[in-house]
Amino acid sequence: MSSQEEILSDGRFSRVARDPRFWEMPEKERKIKIDKRFRSMFHDKKFKLKYTVDKRGRPVNYTTTEDLKKFYALSESDSDLSGSDSKEQTEKKKKKKKAKPKGEANS
């Protein structure tokens, strides 16, 4: 850490600390926002690959879904909509389940 402070205090590299090209990207902007149409890629088996070794041959316990979660995020507006949609769907299912036994009793 002290070597980094020395580099920043050096006149030749002082511009690096002020130049936005060298700033670290904020975590909110780091992930790509995707809409609800593509949310199945987080849990679908088609998008999941399980690695047993890394590129150098060392054993690992790793899947590609971790990469997907690392680089992609559901957009907030779509995730809010999907949450309300799922609530509506569960309410509809409950109503259908309640209606079916009544219909079966009448038959």
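Quick caveat: nothing in here was measured; it's all calculated off a predicted structure.

Undergrad: I'd love a proper account of the overall build of the chain, names of residues and values included.
TA: Broken down by element type, the chain carries five helices and four strands. Looking at the chain as a whole, 11% of its 107 residues are labelled buried. A separation threshold of at least 6 residues defines the contact pool for the chain, and within that pool the share at least 24 residues apart is 50%. Surface summary for the chain: the accessible area is close to 10,100 Å², and the carbon and sulfur share equals 54%.

Undergrad: Lay out a nonpolar patch on the surface with the relevant residues and their values.
TA: Nonpolar side chains collect at one region of the surface, where Ile 7, Phe 13, Val 16 and Phe 22 lie side by side and expose about 360 Å² of accessible area between them. Mapping Phe 22 onto the fold places it in the loop between α2 (14-18) and α3 (27-30).

Undergrad: Hey, could you go over the confidence of the model for the chain for me, with residue numbers and the actual values?
TA: On average, the chain scores 75 in pLDDT, and the residues at 70 or more come to 69%. The least confident element of the chain, judged by mean pLDDT, is helix α5 (residues 76-106) at 56; the most confident is strand β1 (residues 32-34) at 89. Taken as a whole, residues 78-82 scores under 50 in pLDDT and shows five contacts with residues more than four places along the chain or in a different chain.

Undergrad: Kindly report on the pattern of salt bridges, identifying the contributing residues and their values.
TA: For the structure shown, the criterion picks out five salt bridges. Of the charged contacts, one joins Arg 37 and Asp 35 as a salt bridge, the two residues approaching to 2.8 Å between their closest N and O atoms. Given the relative accessible area of 62%, Arg 37 is considered exposed. Taking the shortest distance from any N to any O, the salt bridge between Arg 58 and Asp 54 comes out at 3.0 Å.

Undergrad: Lay out the environment of Lys 70 with the relevant residues and their values.
TA: Among the structural elements, Lys 70 can be located in helix α4 (residues 64-71). C-alpha of Lys 70 to C-alpha of Arg 30: the two residues are 40 residues apart in sequence and 9.1 Å apart in space.

Undergrad: Now, about the side chain of Thr 64: what can you tell me, with residues and values included?
TA: Mapping Thr 64 onto the fold places it in helix α4. The residues contacting Thr 64, other than those within four sequence positions of it, are Phe 47, Lys 48, Leu 49 and Tyr 51.

Undergrad: Which residues make up the pairing of strand β3 (residues 59-63), and what values go with them?
TA: Bridge analysis of strand β2 (residues 50-53) against β3 gives three bridges, and the strand direction is antiparallel. In the strand pairing of β3, Lys 50 is matched with Thr 63. Taken together, β2 and the strand that follows it, β3, pair antiparallel across an intervening segment of five residues, in which Gly 57 is found at a positive phi of about 90°.

Undergrad: Describe in detail α4, supporting the description with residues and values.
TA: The complete set of buried residues in α4 reads Thr 64, Thr 65 and Leu 68. Mapping the buried residues of α4 onto a view down its axis gives an arc of 105°, with all of them on the same face. Each element contacted by the buried residues of α4 is listed here: β2, β3 and β4 (72-74).

About the thresholds
- Residues numbered from 1 in each chain as written.
- Predicted model: local features only at pLDDT ≥ 70, side-chain atom pairs only at ≥ 80, totals over all residues.
- Heavy atoms only, no water.
- Helix = DSSP H or I, 4+ residues; strand = E, 2+ residues; numbered from the N terminus.
- Buried < 20%, exposed > 50% of the residue type's maximum accessible area, 1.4 Å probe, protein only.
- Contact = heavy atoms within 4.5 Å.
- Areas by Shrake-Rupley, 256 points an atom, 1.4 Å probe, with all protein chains shown as cover.
- Patch = residues over 30% accessible without salt bridge, like charges linked within 9 Å, V, L, I, M, F, W, Y side chains within 5 Å.
- Salt bridge = Lys/Arg side-chain N within 4 Å of Asp/Glu carboxyl O.
- pLDDT = per-residue confidence, 0-100.
- Pairing = 2+ DSSP bridges.
- Arc of directions from axis to C-beta.

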